[in-house]
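# Inside the fold
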Amino acid sequence: MDVDVYGKIPSSKVGQYFCNSIGWWNPLWSYCEKIAPDLIPTVNLGHSRNGWGLTDDASRTLSGHLMAAIESGHTKRYADRYRKKLEALPLEPCTICGATGKRTEPPRTGPGEMHCNGCNGLGQALNPACHYPFEVENVQAFAEFLRDCGGFEIH
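This text gives an overview of the structure that appears in the document.

Quick notes on the rules
- Residues numbered from 1 in each chain as written.
- Predicted model: local features only at pLDDT ≥ 70, side-chain atom pairs only at ≥ 80, totals over all residues.
- Heavy atoms only, no water.
- Helix = DSSP H or I, 4+ residues; strand = E, 2+ residues; numbered from the N terminus.
- Rg over C-alpha atoms; globule rule 2.2 N^0.38 Å.
- Buried < 20%, exposed > 50% of the residue type's maximum accessible area, 1.4 Å probe, protein only.
- Contact = heavy atoms within 4.5 Å.
- Areas by Shrake-Rupley, 256 points an atom, 1.4 Å probe, with all protein chains shown as cover.
- Phe/Tyr/Trp six-rings, centres within 6.5 Å; stacked < 30°, edge-to-face > 60°.
- Expected span 1.5 Å × (residues − 1).
- Salt bridge = Lys/Arg side-chain N within 4 Å of Asp/Glu carboxyl O.
- Axes fitted to C-alpha atoms, helices over the stretch in contact; angles between N-to-C directions.
- Parallel < 35°, antiparallel > 145°, perpendicular 65-115°, else oblique.
- Nonpolar A, V, L, I, M, F, W, Y, C, P; charged D, E, K, R; others polar.
- Pairing = 2+ DSSP bridges.

### A short note on the overall build of the protein chain
- Counting its secondary structure elements, the protein chain contains four helices and seven strands.
- Going residue by residue from the N terminus, the α and β elements of the protein chain occur as β-β-α-α-α-β-β-β-β-α-β.
- Whereas a compact globule of 155 residues would reach a radius of gyration of roughly 15 Å, the protein chain reaches 20 Å, over 25% beyond that.
- Taking the principal axes of its C-alpha atoms as reference, the protein chain extends roughly 60 × 30 × 30 Å.
- Scored against the burial criterion, the 155 residues of the protein chain give a buried share of 38%.
- Restricting the contact set of the protein chain to residue pairs at least 6 apart, pairs at least 24 apart contribute 63%.
- In the form shown here, the protein chain has an accessible surface area of approximately 8800 Å², with 55% of it arising from carbon and sulfur atoms.

### Considerations on the packing of aromatic side chains
- Applying the stated criterion across every chain, the model contains 16 aromatic pairs.
- Taken together, a centroid distance of 6.0 Å and an interplanar angle of 40° make the contact between Phe18 and Phe145 tilted. Here Phe18 is found in strand 2 (residues 17–21), whereas its partner Phe145 is found in helix 4 (residues 136–148), with 127 residues between them in sequence. The same class applies to Phe18 as to Phe145, namely buried.

### Looking at helix 3 (residues 74–87)
- Look at helix 3: 20 Å from first C-alpha to last across 14 residues, which is about the 20 Å you get at 1.5 Å a residue.
- Buried residues in helix 3 make contact with helix 1 (22–35), helix 2 (56–72) and helix 4.

### Considering the pattern of salt bridges
- In total, this model carries six salt bridges according to the counting rule given.
- Residue Asp56 is joined to Arg60 by a salt bridge in which the shortest nitrogen-to-oxygen separation is 2.5 Å. Linking Asp56 with Arg60, this pair stays in helix 2, spanning four residues, or about one helical turn.
- On the basis of relative accessibility, which here comes to 41%, the residue Arg60 falls in the partly exposed class.
- Here Lys76 ties to Asp80 by a salt bridge, and the two come within 3.0 Å at their closest N and O atoms. Residue Lys76 and its partner Asp80 are both found in helix 3; the two are separated by four residues, about one turn of the helix.
- Here Lys76 falls in the partly exposed class, since its relative accessible area comes to 48%.

### Observations regarding the packing of helix 2 against helix 3
- Across the interface, helix 2 lies against helix 3 with an axial gap of 4 Å and an inter-helix angle of 75°. Classified by the angle between their axes, helix 2 and helix 3 sit roughly perpendicular to one another. On helix 3, the residues touching Leu66, Ala69, Ile70 and Ser72 of helix 2 are His74, Thr75 and Arg77.
- Of the residues assigned to the contact of helix 2 with helix 3, the class counts are three nonpolar, three polar and one charged.

### A look at the sheet that holds strand 1 (residues 2–7)
- Here three strands make up an open sheet; going across it, the order is 2-1-7 and the pairing antiparallel. The open sheet terminates on both sides in strands that have one partner only, identified here as strand 2 and strand 7 (152–154). Neighbour-to-neighbour, the strand axes of this sheet turn through a mean angle of 15°, independent of strand direction.
- When strand 1 meets strand 7, the two strands line up antiparallel, connected through three bridges. Note that in strand 7 the partner of Gly7 across the bridge is Phe152.
- Packed onto the sheet, helix 1 meets strand 1, strand 2 and strand 7 and runs at close to 105° relative to strand 2.

Interpretation in functional terms is not warranted from these geometric data alone.
The structure is reproduced here in structure tokens:
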């Protein structure tokens, strides 16, 4: 599932449209909330995809905050801590195969005879939070969009 962010009055092609999967968007928006509490209200709808957004001035200011955080190394340090936190999460029982390592209802074979591709036959899988990455390059791309979007709406 994608999160589509549309520029209201874009001044360039970069400011027309920004897209992330929900897995990339949620950590990105959470970082924006941390970086710019002066611009983004504590209670906001940035994770909801219902048309909520920021004005042109607020978008450009948020872009400046994000660019400053990237330039100072804050975003890289945050990404490194975020990655280490995810790597420290324990494996969980695979919900696809019931932690058996074998698919429970495979096509064309009997129950429990097909290797589980959800956990690679281990019976354990990554914590679902591991599917929510955070990278400096994504923050950079969003900051560039914000600079030229003329305000935005999240859909």
